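Listed here are the chains, written in short residue letters.
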2 protein chains.
Amino acid sequence: MTNQREKITIQQIADYADVSISTVSRVLSGNAKVAADKHEAVLAAVKALNYRPNMFARGLASGQSMTVGVITQHISSPFYDAITKGILEVFEDSPYSPLIVDGQWKLEIEKRALHTLQNRQVDGIIVVGGNLELETLKAFDQHTPVVVVAREIEDFKERCIYTDNFQAAYNATQFLIRAGHKEIAHISGLLEHPDANLRLQGYKQALIDANIPYREDLIVHGNFLPQSGLLAVEALFTRNQTFSAIFCANDQMAMGTQLALYRRGIRVPADVSLIGFDDQPASAFMTPPLTTMRPPAEEMGRSAAAHIFSILKKMPYEAQDHTCELIVRESVSRVR
Amino acid sequence: MTNQREKITIQQIADYADVSISTVSRVLSGNAKVAADKHEAVLAAVKALNYRPNMFARGLASGQSMTVGVITQHISSPFYDAITKGILEVFEDSPYSPLIVDGQWKLEIEKRALHTLQNRQVDGIIVVGGNLELETLKAFDQHTPVVVVAREIEDFKERCIYTDNFQAAYNATQFLIRAGHKEIAHISGLLEHPDANLRLQGYKQALIDANIPYREDLIVHGNFLPQSGLLAVEALFTRNQTFSAIFCANDQMAMGTQLALYRRGIRVPADVSLIGFDDQPASAFMTPPLTTMRPPAEEMGRSAAAHIFSILKKMPYEAQDHTCELIVRESVSRVR
DNA sequence: TTATATTATGAAAGCGTTTTCAAGGATAAT
DNA sequence: ATTATCCTTGAAAACGCTTTCATAATATAA
């Protein structure tokens, strides 16, 4: 039933339905009117012979690959994984297939990935995060539409799907401030990464707006990995800092932070409050469950896919808002 | 520099290098000898004109797509993600591209995925987990080679990359027993899932071999998700069971378990020891860090990719062993 | 040397579609 | 009725490559 002796071509369908191959092609692609009876006959033939069009012939003749490239950054970050998931979801019921290639957050590898996709003649690409520069992206966009997700690129914003990291960080910090905290440490992400920087700025602004002095000595630079959260706490203690709350630039570092605190017998949130960013799946099950900022990752992924599709179909795309949501759990308490 | 006016065809290379297109094709595919000087000339032309072969024309003419389908199960399980990562890694430096489609652990969707891949005429496929039945797989394998990873299918083992879940669970349980535990609860995974069942059996056998009675009332059936671990602990207490250790069929449930214990003020490992399975990234940063069984996920992914490549190249493949490793951290203590 | 087996090369025949083009039939307008 | 217009349809020309086949050139054997 799956396939009988392979190799059913459009010609056989034409013969079976007693029409020309042009007609078959037309009903299959829907690019032109054909009489109702022939239309039906063709469909019947397709079903009867279990015909599968040959993608290569199609691609060669039409110049369309029905494939969209996706450049991911697979350092197993739950946030990016969620985006990818959202993207794949939308592809599910589309005629396009995603071609996923890994950029690994390395410019060189990302460029190679772009080449691969170019070679495969994808009809469009979705870039998830990464470091590709504006010019590269724009050049590529010249011949193949590009959509970028989880990144905000000046002068290319109409093609970017992103969330306001500054505002989200601002809100997270404000939440801490409103709980009475004044000595709030911040463990930043990799500052080369725009998100990390934006979050740091948001944190800073929230302090300033609340008339709390911004203190360099309460900042530790991490790299988004859990281990760096742990190290950051050690650094804070080495500096002999006191603080009643920590805002981590992501949940992974919050986990490291939490462990460091636990090892020192410091309780969360009784002694120190903790707030993260990302709401990765594990965060809801930390002890205690982590209060964190949740970016609409899957939703952004879905938007990105929807966006590229509407470009391919030459339909207008209506931009959506993607704002982070504060998930209040149990890692923050009012200051003693 | 990226591409100048598109559309460089093999013909132009032939003209530029002053040879026939057949010759160009031959040096590019390496399927036949060509004189050294022409060989060089062609390569030079390719570089000079920045030629990229058209995949569709290639595929159409040769019948090869240079694409391998990967059916994943993207319910964001760190274990399966790690496998995918391993697979992608090996693809990186191969002429093949992976075509990833999501099976979502649903038979019907997996079958549709198989169809998609068939339509795209992949040269081979890698199935990560999932529920596809032996017959389906074998039928497909008739025309397109199949490799299965993270699953052990009777009568198809030569194509399966898996780890011994029974033995791993046995060892994990034995570790608890050797630490003096006798009342060991087990939170199983979804029993429809072979891995879950194997782990349960391994647990059982370890008890039996240690002369500890196997007690149904110490078993709770979970579904691999964290929430079910939490619920399982509640169930245990509702049943009024006493136990000094819990073996969870995966780390995610261990997190739920840990949270449930924490809520009740039960300390790990002081009051109850906990052991998981998978060693997901978050486990090393739980409070306390989780002792767990680590399956060589990435390695298995790499093996799967290597296996399919060797089949495609018609080279022999030497099977490798993939055994789990016990990662001892801080969630298990000797019994009081 | 001459006859024979190899080898490198080009011409040309596909591969299975889409799409342009022209023709024929039907419909509408005069 | 007669002519002009519109659709539907099939023939045939791409699409850009691989591969078979025949040929010319070269190396080997006699």
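About the cut-offs
Residues numbered from 1 in each chain as written. Chains lettered and ligands numbered in written order. Predicted model: local features only at pLDDT ≥ 70, side-chain atom pairs only at ≥ 80, totals over all residues. Heavy atoms only, no water. Near = heavy atom within 4 Å. Polar contact = N/O pair within 3.5 Å; in protein donor to acceptor, adjacent residues only side chain to side chain. Nonpolar A, V, L, I, M, F, W, Y, C, P; charged D, E, K, R; others polar. Helix = DSSP H or I, 4+ residues; strand = E, 2+ residues; numbered from the N terminus. Core = buried A, V, L, I, M, F, W, Y, C linked by side-chain atoms within 4.5 Å. Buried < 20%, exposed > 50% of the residue type's maximum accessible area, 1.4 Å probe, protein only. Contact = heavy atoms within 4.5 Å. Domains from an automatic or database assignment. Buried area = accessible area lost by both parts, 1.4 Å probe. Salt bridge = Lys/Arg side-chain N within 4 Å of Asp/Glu carboxyl O. Least-squares fit on C-alpha atoms with pLDDT ≥ 70 in both.

Undergrad: Looking at this model, I keep getting lost on the protein's contact with DNA strand D. Mind explaining?
TA: In the vicinity of DNA strand D lie 26 residues, with A:Thr23, A:Arg26, B:Ile10, B:Ser25 and B:Tyr51 positioned nearest. In DNA strand D, the atoms that sit within 4 Å of the protein are 62% sugar and phosphate, with bases accounting for the remainder. Side-chain polar atom of A:Thr23 to a phosphate oxygen of DNA strand D: 2.5 Å apart, as the coordinates give it. Take B:Ala57: an N or O atom from its main chain is 3.5 Å from a base nitrogen of DNA strand D. Split into classes, the residues belonging to the surface near DNA strand D amount to 11 nonpolar, 9 polar and 6 charged.

Undergrad: Even after reading the chapter, I still don't get the protein's contact with DNA strand C, so can you show me in this structure?
TA: As a structural note, the neighbourhood of DNA strand C is formed by 27 residues, with A:Ile10, A:Ser25, A:Arg58, B:Thr23 and B:Arg26 the closest of them. When the atoms of DNA strand C within 4 Å of the protein are grouped by moiety, sugar and phosphate amount to 60% of the total. Measuring from a phosphate oxygen of DNA strand C, one finds a backbone N or O atom of A:Asn54 at 3.3 Å. In the model, a phosphate oxygen of DNA strand C is placed 2.7 Å from a nitrogen or oxygen of the B:Ala35 main chain. Looking at the surface near DNA strand C, the elements that each hand over two or more residues are α2 (21-29) and α4 (55-62) of chain A together with α2 (21-29) and α4 (55-62) of chain B.

Undergrad: Even after reading the chapter, I still don't get the nonpolar core, so can you show me in this structure?
TA: Burial of nonpolar side chains together is a common tendency in soluble globular proteins. By size, the foremost hydrophobic cluster in this structure holds 98 residues, and its most contacted members are A:Ile246, A:Phe247, B:Ile246 and B:Phe247. Residues in contact with A:Ile246, not counting those within four places in the same chain, are A:Ala185, A:Ile187, A:Val233, A:Thr257, A:Leu261, A:Val272, A:Ser273, A:Leu274 and A:Ile275. A:Val68, A:Phe309, B:Ala150 and B:Phe309 belong to the second largest nonpolar core, which has 51 residues in total.

Undergrad: I would appreciate a short explanation of the domain arrangement of chain A in the present structure.
TA: Where the parts come together, the accessible area they lose is often given as the size of the interface. All names here are of chain A. Here chain A is described as being made up of domain 1 (10-53), domain 2 (67-163 + 297-322) and domain 3 (165-294). Distance between the C-alpha centres of domain 2 and domain 3: 30 Å. Facing the 8 residues of domain 2 at the interface are 8 residues of domain 3. Of all residues in domain 2, Pro78, Phe79 and Thr163 give up the largest surface area on contact with domain 3, accounting jointly for 57% of the area buried on that side. At the junction of domain 2 and domain 3, the tally comes to 0 salt bridges. Applying the counting criterion to the domain 2 and domain 3 interface returns 1 residue pair in polar contact (both at pLDDT 80 or more). Looking at the side of domain 2 that touches domain 3 residue by residue, the class counts come to 5 nonpolar, 2 polar and 1 charged.

Undergrad: Sorry if this is basic, but what is going on with the interface of chain B and chain A here?
TA: The interface of chain B with chain A comprises 55 residues on the first partner and 55 residues on the second. In total, chain B and chain A occlude about 4,800 Å² of area from one another, counting both sides; carbon and sulfur atoms represent 57% of this. Of all residues in chain B, B:Phe56, B:Arg120 and B:Phe285 give up the largest surface area on contact with chain A, accounting jointly for 18% of the area buried on that side. Run the count over chain B and chain A and you get 4 salt bridges. Here chain B and chain A share 19 residue pairs in polar contact (both at pLDDT 80 or more) between them. Secondary structure elements with two or more residues in the side of chain B that touches chain A: α4, α5 (78-92), β2 (97-102), α6 (107-119), α10 (226-238) and α11 (251-263) of chain B.

Undergrad: Help me out: how do you make sense of the relation of the copies chain B and chain A in this one?
TA: Note that the two copies of the chain are related through a rotation about an axis and a translation along the same axis. When chain B is fitted to chain A, the residual RMSD is 0.1 Å, and the transformation amounts to a turn of 180° plus an axial shift of 0.0 Å. One copy is carried onto the other by what is essentially a two-fold rotation axis. Scanning chain B for the C-alpha nearest the rotation axis identifies B:Phe56, at a separation of 2.3 Å. Most of the interface of chain B is mirrored in chain A, where 100% of its interface residues are also at the interface.

Undergrad: Even after reading the chapter, I still don't get the pattern of salt bridges, so can you show me in this structure?
TA: Two side chains of opposite charge can pair, provided their charged atoms sit close to one another. Residues and elements named next belong to chain A. Inspection of every chain in the model, using the stated rule, returns 36 salt bridges over all chains. Between Asp155 and Lys138 there is a salt bridge, and its shortest N-O distance comes to 3.2 Å. With Asp155 in the loop between β4 (146-149) and β5 (160-161) and Lys138 in helix α7 (residues 134-143), this pair connects stretches of sequence that are 17 residues apart. Given a relative accessible area of 52%, Asp155 falls into the exposed group. By relative accessible area, which is 32% here, Lys138 ends up partly exposed.

Undergrad: Honestly, the side chain of B:Gln241 in this entry has me stumped. Any pointers?
TA: Residues and elements named next belong to chain B. Within the secondary structure, Gln241 sits in the loop between α10 and β8 (245-248). Judged by its relative accessible area of 14%, Gln241 is buried. Beyond its immediate sequence surroundings of up to four residues, Gln241 is in contact with Arg215, Asp217, Leu218 and Leu236.

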